[in-house]
Each structure stands twice: as structure tokens, then as C-alpha cells.
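Listed below, chain by chain, are the residues.
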Amino acid sequence: MLCSLNKLFELKIAFPDILSLCSLFILMFMQKIPPEKYIKTIFPKLSLSISIISLIIMLIYNSSAREISTDIFVYNNALGQIKILLLSCLCGFLIYLHYTKLDKILKTNFFIMIFGITTAITLAISANSLLTLLFALELYTFSVVFLLLHEGQSRCATRFLLISAVMDAVYIFGCSLLYSQYFTLSFSKINCSANVITNIGGILIMVALLFKLGCAPFHSWLSDVYDKSSRITVLFLEVIWKFFMLLIFIKLFYTVSILDRARPIILGASIISMFIGAIMPIIQKDINKFIASVTIGHIGFVLSIQTLQNSAPIMMTYMTYQSLATFCFLASIFAINKTHDIRTFEDLGGLYTTAPIFGFLTIFSLFAICGLPPFGNFYAKMDIFMLLLKNKNYFMLFISLIYSIISVGYLIKWGRLLFVSSRTENNLKKESCLFASSLIILLAVSLIFYNSICQFWGQIFRHII
């Protein structure tokens, strides 16, 4: 009885996560209310309203500095700031959909999916147990499967679900090995001296997490899901999910010391990912597959310093600018897609001659994605090189340099298509051109905030690591 009351108390302090879960249930309930046409009209506004209300409540909740740690959840001001950032990104994403009127073409299932993934992220951020983390990751898996099924991609959904089930079995087996040694799955209680069994358990858990991160050689699902999903789904997964999943991965690596035994696995995955992320984008003319391949490379690149001290702020700073560059690139594609369908880079041929402002935005975004100056990614990349050099990790430094040099290949191959002559006209609205101009300015001036972003992530990780 007392044990049940203690668990109930732990759920009570998980108020932000329960709030996010309630938002998901509200949307699922509203979807069933007839008439369907009316619900489809109000659903985007309802989703935006719920996200704004959740953000305001989270700001109020986080204003009273509290630090609570239980066997299931952990809360502090730093984690609260991360959730505020997550909800702010969600609000910004929904406002972008409303501004561009993309929300009118979306089904209600899409909004349920993004709230499901947002809830999964909040739970994973607060997780203080491997079991809680498993629940959060499964919520993400079923959210993606749910969306793929309603987009008519049953084969892709089945493949993703089967592969995820196998990796979940690996994760659960790793947890069982740790539980057999410590009789708990709480992060704070398994940070003990390791033996062979705990080493194997830690490695199995790390393999499952690398799969969720989309890191090679566990990356096949990423290209498949990105290829079959709508581009708006790709935008959400790329800019929000991938960013926060890396954050969760870093937090877990430094919180659970047993995972430190999996350093060779991380470095091996980093090298393979950089190799794939450098070569595959050169031959992937499909934009969705191109984004997936580039993402694999960037994940591998930041993981090259995962095992080094003081690497976490640099990793998240790099991914912050990477998410911004990807958003600008896909936002440009969305705007052009209103005049004619864009599926491959060949469909962008002559963009600079027909719509110069979008030509500039697209090429600047590709420069930023590639990590070239004068964008923030370049300076974050230099910090990664300097950290590898400082720690005398010359092998990973050499691999990272090779990756960066080869990556320029896809910029040259696909970027040049923007400047070929074209007879096709793009009748883009004035509002779209103003929006593109604002994104160009954002890419250009974001470098000014580089030090502030580094300091922000430094403060966050000093409290959660």
C-alpha cells in the first residue's frame, strides 16, 4: 500500500509530463467529435492553442525553482528550461504552418502525431529510470507508425515497427542484465563499478539508443521513414525530434556511467555515419532521402566528440545551427512547391534565374548545412576540431576533416543546378518573398548569438550532467 502511495506521489510531481499527455488525449478525443469537416477546420487552431497554454503553464511551473529526484522522474530548473524550449519550438512550428497555410492540407492525425512525439520527448527528458525512458521511446515509435498508417504507407509502418520491436528487445534484455545486478533501473542507483554482465547490458542499451538516434549502422529505418513520409513530417522530425533526441542521448550518456563502457561502439558508429553522410547525399537526388543522409552524417560528426569532456555544449550548439539551416532549406522548398511539385533537386533547376530570392535562400541553406562560412555551423565545426586537437585525438580529427571535405561534393553537385538556365516561371507571392528574405537575414545574423547559445548550453549541462 505504501509503495503504491509513493508511486502515486512520483506521478504527482510529474505535472509537466502529465500536462503534455493530457494535451495528447484531448486531441485524440476531439478527433472523434462529428462533423469531421468541422473538426478538420478547427484542429490546427486547437493544437496551437493547446501548445501555447502548455508553454504558459510550463513557464509558471518552472518559475518556482525546485529540484526533485525520484526513482522514476527527475526535475530541476535546467530540465524545465529544456521543456520550455521544446514547447517554444512546437508553438513556432504550428505558427509557421498557420502562416504558410500548410495546416489546411494536413489531416488531424498529423497534429496527434506531433503531440505524441512532444510528449515522448518530455517524458524522456524527465526520465530517471531506464523503464521510463523505454515508455517514452515507445510512444515516439507508435506516433510515427500511427502517422505512416494514416498516410497509406502500411509497408513502411510495418517494417519500422518490426525493426523497432527487435531493438526494443535488445534494450529490454540490456535492462534485465542491469536489473539482475542492481535490482533497480534508476539512473542514480546503477552508477556502480561494472563487471562483464553490466558491460554487456550497457552496450545493448547503447545500441538501442543509437538506433533511435538514426545513427549508422542502425540507420536504414531513417531513410525509409523520411522517404515515405510527407515533407512536413520530415521537417518536424528533423528540426525538433532529432535535436531533442540527441540532447536526451547526451544526458543519458553522462548520467548513467555504465554507458561509458560503450565508448568504442559510439566511436565506431560515428565513423560509419560520417562515411555514409558524406557519400550518400552526393548520389541522393530525392530531397527527403538527401535530408536523411545528411542527418546521418551530422549525427556521426557530433558523436566524434561524445566521449570527450566538455563536449556537450559544443554538440548542442552545432545541432542548433544545423536545425536552423535545415528549417530554412525546407521552408524554401515548401514555398516553391506551391507553384510546381518539388521532389528532387532536378526540379529546382534554374531556381536562381526564375526566383532569385529563393535561389539565394536555398544555396545559403545548403552552405550552412554543409558547415561552410560565414554561418554558425562553421564556427561550431571549428570548435569540434579544436576539441579533438586539444585531446590529441588525431584519428577522429582526420576522419572528421575527410568527412567535411567530401561533404562539399553534394553542395557542388546539387547547388550548381540552381544556376542553370530555365524557362519555367515561378509566380511566387510577395508575402513568400518577404518570408524568404527574413529567413536569409536570420541565417546571416544568427552568428551574432553564437557565444550566447554556447553559454546557454553550458549552463544547462552544468546542472544536468
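Residues numbered from 1 in each chain as written. Predicted model: local features only at pLDDT ≥ 70, side-chain atom pairs only at ≥ 80, totals over all residues. Heavy atoms only, no water.

1. Re the nonpolar core
A general trend in soluble globular proteins is that nonpolar side chains are found buried together. Keep this limit in mind: Residue types Ala, Val, Leu, Ile, Met, Phe, Trp, Tyr and Cys, when buried and joined through side-chain atoms within 4.5 Å, form a set referred to as a nonpolar core. To sort residues, take the accessible area from a 1.4 Å probe on protein chains only and compare it with the maximum for the residue type: under 20% means buried, over 50% means exposed, and anything in between is partly exposed. Strands here mean DSSP runs of E at least two residues long; helices mean DSSP runs of H or I at least four residues long; both are numbered from the N terminus. Whether two residues are in contact is decided by their heavy atoms: any pair within 4.5 Å suffices.
Within the largest apolar cluster, 169 residues are counted, with the highest numbers of intra-cluster contacts made by Phe93, Leu97, Phe110 and Ile114. Here this core takes 18 residues from helix 10 (residues 231–255), the largest share from any one element. Apart from the residues within four sequence positions on either side, Phe93 is in contact with Phe110, Ile114, Ile232, Leu235, Phe236 and Ile240.

2. Examining unusual backbone geometry
Here Ala216 and Pro217 are connected by a cis peptide whose omega angle stands at 5°. One can find Pro217 in the loop between helix 8 (196–213) and helix 9 (220–228). Here the bond from Pro373 into Pro374 is cis, since omega is 10°, no more than 30 degrees from zero. Checked against the element boundaries, Pro374 lands in the loop between helix 15 (356–370) and helix 16 (376–390). A positive phi angle is found at Lys101, which is not glycine, with a value near 60°. With respect to the element layout, Lys101 can be found in the loop between helix 4 (77–99) and helix 5 (108–126). For Lys101, a relative accessible area of 52% corresponds to the exposed category.

3. Quick word on the environment of Asn62
With respect to the secondary-structure elements, Asn62 resides in helix 3 (residues 36–63). For Asn62, a relative accessible area of 11% corresponds to the buried category. Placed 18 residues apart in sequence, Asn62 and Gly80 show a C-alpha to C-alpha distance of 5.8 Å. Among residues more than four places away in sequence, those in contact with Asn62 are Asn76, Asn77, Gly80, Gln81 and Ile84.

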